[in-house]
Amino acid sequence: MRRRRFLGRVGVAGAIGTAGCGSRGDGGPGDPSEAPTPRRFRIGDDGFEVAVGDGPFTELGVRGVNLGMAKPGRFPGEAAITRAEYDRWLAAMGELHVNVVRVYTVHPPAFYRALAAYNRSHAEPIYVLHGNWIGEETLREAGDATSVSAAFDRSFRQVIDAVHGATTVAPEPGYASGTYDADVSDYALGYVVGIEWPPAVVRETNRVGEPDGSEGQYLTAPDAPPFERWLAARLDAGVAYEIDEYGAQRPAAFTNWVTTDPLSHPSEPFVDEDAVSVDPDAVAATDAYDAGTFAAYHVYPYYPPLLNETPEYVDYVDHRGEPNSYAGYLNDLVGATDHPLLVAEFGVPSSRGIAQKDVHGRDQGRHTEAEQGEILAAMYEDVREADTAGGVVFSWHDEWFKRTWNLAPFSDPNRRPFWSNVQTPEQRFGLLSFDPADAVPLDGSPDAWEDAAVATPESDPTRIGDGGDDARELTAVRVTSDAAYLSVRLEFADLGAGVDWSETNYLLALGLTDRGARVLPYDTAATAPADFVVRLGGPDASRVTVDPRYDAFAYEYGAAAGLDLDRYRDPDPGVFAPLRMVINRGYTVPETGERVPFESVETGRLRYGNGNPDSPAYDSLADVHASPSTDAIEVRLPWLLLNVADPSRRRRLGDFWNEGLDAYETFEAIEVAAASYVPADAEGTATALDAPTNLTHAVPGVADGELRSLSFAPPTWDRPAYAERLKESGRAVGEVFERYTGRE
């Protein structure tokens, strides 16, 4: 590894000790015969090193996962993960060749007991990298970080006590509590404290800080700006506490991210993304601190925009011989950093929605689970090939409580953990999925729909005599829902070998607002109480559209997108708008003056595939499954696509043009109607018929040109039912971790 200098000095004679208290993994008195062999930890030239007992130090390349503290139905501050869940997850991590789990704050005692128990029973342990948490809002309100020093130090001490199994934490809202009696210090690889530092806080701390440096006993920052001096003092205080209380020390560092890296990025268009630097090299270990320090960065491929706009990154050729901006940035960062560098977070989500694009396709979202796995494996290779200390995948499990910048205004923030928003990228970074327990598999299987609401036709179809009549004859419509989707199954007389989409299209009319019948699109000459219309025109011509007045994208982003908002407030009859989501508000690249325009994607486009995770043909992004063998077509629609802000309480967006997006309204039912017709062109325009409407069949039926509807009342819930499932991406990560096992 090329280093200008190595700051974390170590020596075997002064190697790191551990508390040596043994493991009280289940909360009872420790059995000395079960005590783990003491381990010592330090930072070497290339990264982490571990010594077992009196043995030599050996390198440990980090193959890690980040573990949050939330689960479905719970906010992270409820600390509701159980011992059984920790046991199950750690066992699964071990099977994926994970050797490090990173946590951001003190977890419930069950985590430490589970970790101790796992490591007692496995020759290859899972180490923990432990953080302490300080809320971003707390920092922003403080402005100057030094004003929260006491609270920061207190939380760091609590982390250390929990690691050593030597504390009882009183209940406090938003935090874990209980008796911490499992000593996992022999498996604590180190500490990574703090969060992604807000530039405004760094700037303010530097503005008001004193000019003198920080000279700690163990970590020092003699020539650093005030913010790095503050960090050095915080680390020094924590290291000193562990040495004084437990006679132990281990590597410690602070969290950092691209936004506050020490590099200069003239291609970054947003001032705050390159306004200040927080330099790990400004903090050095003294001779008294043998464990040493390191750099820990969160690095994602799609943000900030500098990763897409810096020519040296975009054109960088990686170890595969391919252009790779992510590898280019890592190469630059590692080359400019003296300390060994850990990529403490990296990942891409397997969400249906997307929030940012990467110039090389590693976008923030819109990946299948298989694609997510391929990208994660490639990114881990990039991390290791960049001569780092290893990488930590974000994250172990999906986190339903999360929000994403472009979709956050459209859901109830107080109810996010209670349902699965597959549109939101931030919820879908995990290797472990929480699948709604009542979800239909979207594979054509009729058994899964037995309990669904059902409607059958009230009248016979209009027959054309062109060979497609049986495919246009609807025999039933079934509707069901779960914590992620509204699902609809259309059943037919006979689909034959498959639908000829040039002869047959289908419509679904969905109403939530009780605003009465509206003229349907595609020249069907029909009306329905429809806020949304689904056209099924085949794999390349199926989409959901929305009554323009109920288009939340137009309300929130329409001005920036250049839409004629008058046409949305007062739309013409029969006009429905595409469903879009913003992925870029637009910016100007400083170096070139190039204007990158506002950008959105049509998220209402529907994807055909098999949605059953047990199928070899599984496609996690499938919206529609056509099943000729069972004469059915199944559709599943994410709740957010239908402006449902909280399905657990049946709450939707209200009249936002007059009352704003947070004026939620309760709905009692969703009106569902289905119809078939003969398309006249590729755009789905209905062929004119000598009949009251241009529809060939409808369920439940048509009366005076208006589609009758099935009223479906989705069930509500207080706690979502779900089943854990390792994603395809988890297996891909396990495979790449296995390849790098023993390659230090």
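Residues numbered from 1 in each chain as written. Predicted model: local features only at pLDDT ≥ 70, side-chain atom pairs only at ≥ 80, totals over all residues. Heavy atoms only, no water.

K.L.:
Would you mind going over the sheet that holds strand 15 (residues 341–346) with me for this structure?
P.N.:
Each strand in a sheet pairs with its neighbour through backbone hydrogen bonds, running either in the same direction (parallel) or in the opposite one (antiparallel). Spatially, 8 strands are ordered 4-5-6-9-12-14-15-18 in a closed barrel, and the strand pairing comes out parallel. Direction aside, neighbouring strands of the sheet carry axes that sit 30° apart on average. Looking at chain direction, strand 14 (residues 295–298) and strand 15 are connected through 4 bridges and run parallel. When the bridges of strand 15 are listed, Ala296 appears paired with Leu342. Each of strand 9 (188–193) and strand 12 (252–257) touches helix 6 (residues 226–246); the most contacted strand, strand 12, lies at about 150° to it. With respect to the sheet, helix 10 (residues 369–385) is in contact with strand 4 (62–67), strand 15 and strand 18 (390–393), its orientation differing from that of strand 18 by roughly 150°. (Pairing = 2+ DSSP bridges. Helix = DSSP H or I, 4+ residues; strand = E, 2+ residues; numbered from the N terminus. Axes fitted to C-alpha atoms, helices over the stretch in contact; angles between N-to-C directions. Contact = heavy atoms within 4.5 Å.)

K.L.:
Got a minute to help me understand the pattern of salt bridges in this structure?
P.N.:
Charged atoms that come close allow side chains of opposite charge to pair. All chains considered together, the criterion is met by 47 salt bridges. One salt bridge connects Arg725 with Glu369, and the closest N-O pair in it is separated by 2.9 Å. You can see Arg725 sitting in strand 43 (residues 722–726) and its partner Glu369 sitting in helix 10, a full 356 residues away along the chain. Glu369 matches Arg725 in its accessibility class, with the two residues each being buried. Arg708 is paired through a salt bridge with Glu458; the nearest N and O atoms lie 3.0 Å apart. (Salt bridge = Lys/Arg side-chain N within 4 Å of Asp/Glu carboxyl O. Buried < 20%, exposed > 50% of the residue type's maximum accessible area, 1.4 Å probe, protein only.)

K.L.:
Explanation requested: the sheet that holds strand 36 (residues 651–652) in the structure shown.
P.N.:
Spatially, 35-36-37 is the arrangement adopted by the 3 strands of the open sheet, whose pairing is antiparallel. Two strands in the sheet have a free side with no partner beyond their single neighbour: strand 35 (644–646) and strand 37 (665–666). Sheet topology places strand 35 next to strand 36; 2 bridges connect them, and they run antiparallel. Note that in strand 36 the partner of Val644 across the bridge is Arg652.

K.L.:
I would appreciate a short explanation of the nonpolar core in the present structure.
P.N.:
One broad rule of soluble globular proteins: the nonpolar side chains tend to lie buried together. Counting residues in hydrophobic clusters, the biggest one holds 172 residues, and the most contacted among them are Met93, Trp197, Leu490, Tyr506 and Leu536. Considering every element that reaches this core, the biggest residue donor is helix 6, with 10 residues. When sequence neighbours within four positions are dropped, the list of residues in contact with Leu536 reads Leu490, Trp501, Asn505, Tyr506, Ala541, Ser542, Leu606, Tyr608, Val624, Ile633 and Val635. In terms of nonpolar packing, the next biggest core, distinct from the first, is built from 19 residues, Leu60, Tyr127, Val192 and Ala253 among them. (Core = buried A, V, L, I, M, F, W, Y, C linked by side-chain atoms within 4.5 Å.)

K.L.:
So what exactly am I meant to see when it comes to the side chain of Arg725 here?
P.N.:
Residue classification places Arg725 among the buried residues on the basis of a relative accessible area of 16%. Here the side chain of Arg725 touches Glu369 through a polar contact of 2.9 Å, side chain to side chain. What Arg725 contacts, discounting residues up to four positions off in sequence, is Glu369, Leu431, Leu432, Ser433, Asp435, Pro613 and Tyr618. (Polar contact = N/O pair within 3.5 Å; in protein donor to acceptor, adjacent residues only side chain to side chain.)

K.L.:
Any chance you could explain the packing of helix 1 (residues 83–95) against helix 2 (residues 109–120) here in plain terms?
P.N.:
For any two helices packed against each other, the geometry comes down to the angle between their axes and how far apart the axes lie. Between helix 1 and helix 2, whose axes approach to 9 Å, the crossing angle comes to 40°. Here helix 1 lies oblique to helix 2, going by the angle between them. Note that helix 1 runs across helix 2; the crossing there is right-handed. Contacts between helix 1 and helix 2 involve Arg83, Tyr86, Asp87, Leu90, Ala91 and Gly94 from the former and Ala110, Phe111, Arg113, Ala114, Leu115, Ala117 and Tyr118 from the latter. (Parallel < 35°, antiparallel > 145°, perpendicular 65-115°, else oblique. Left-handed = near helix turned anticlockwise from the far one by under 90°.)

K.L.:
Help me understand the packing of helix 4 (residues 149–163) against helix 6 in this model?
P.N.:
Taken N-terminus to C-terminus, the directions of helix 4 and helix 6 make an angle of 35°; their axes are 10 Å apart at the nearest point. For the pair helix 4 and helix 6, the sense of crossing is right-handed. Contacts between helix 4 and helix 6 pair Ser149, Phe152, Asp153, Phe156, Arg157, Ile160 and Asp161 from the former with Trp230, Arg234, Leu235, Ala237, Gly238, Tyr241, Glu242 and Tyr246 from the latter. Considered class by class, the residues forming the contact of helix 4 with helix 6 number 8 nonpolar, 2 polar and 5 charged. (Nonpolar A, V, L, I, M, F, W, Y, C, P; charged D, E, K, R; others polar.)

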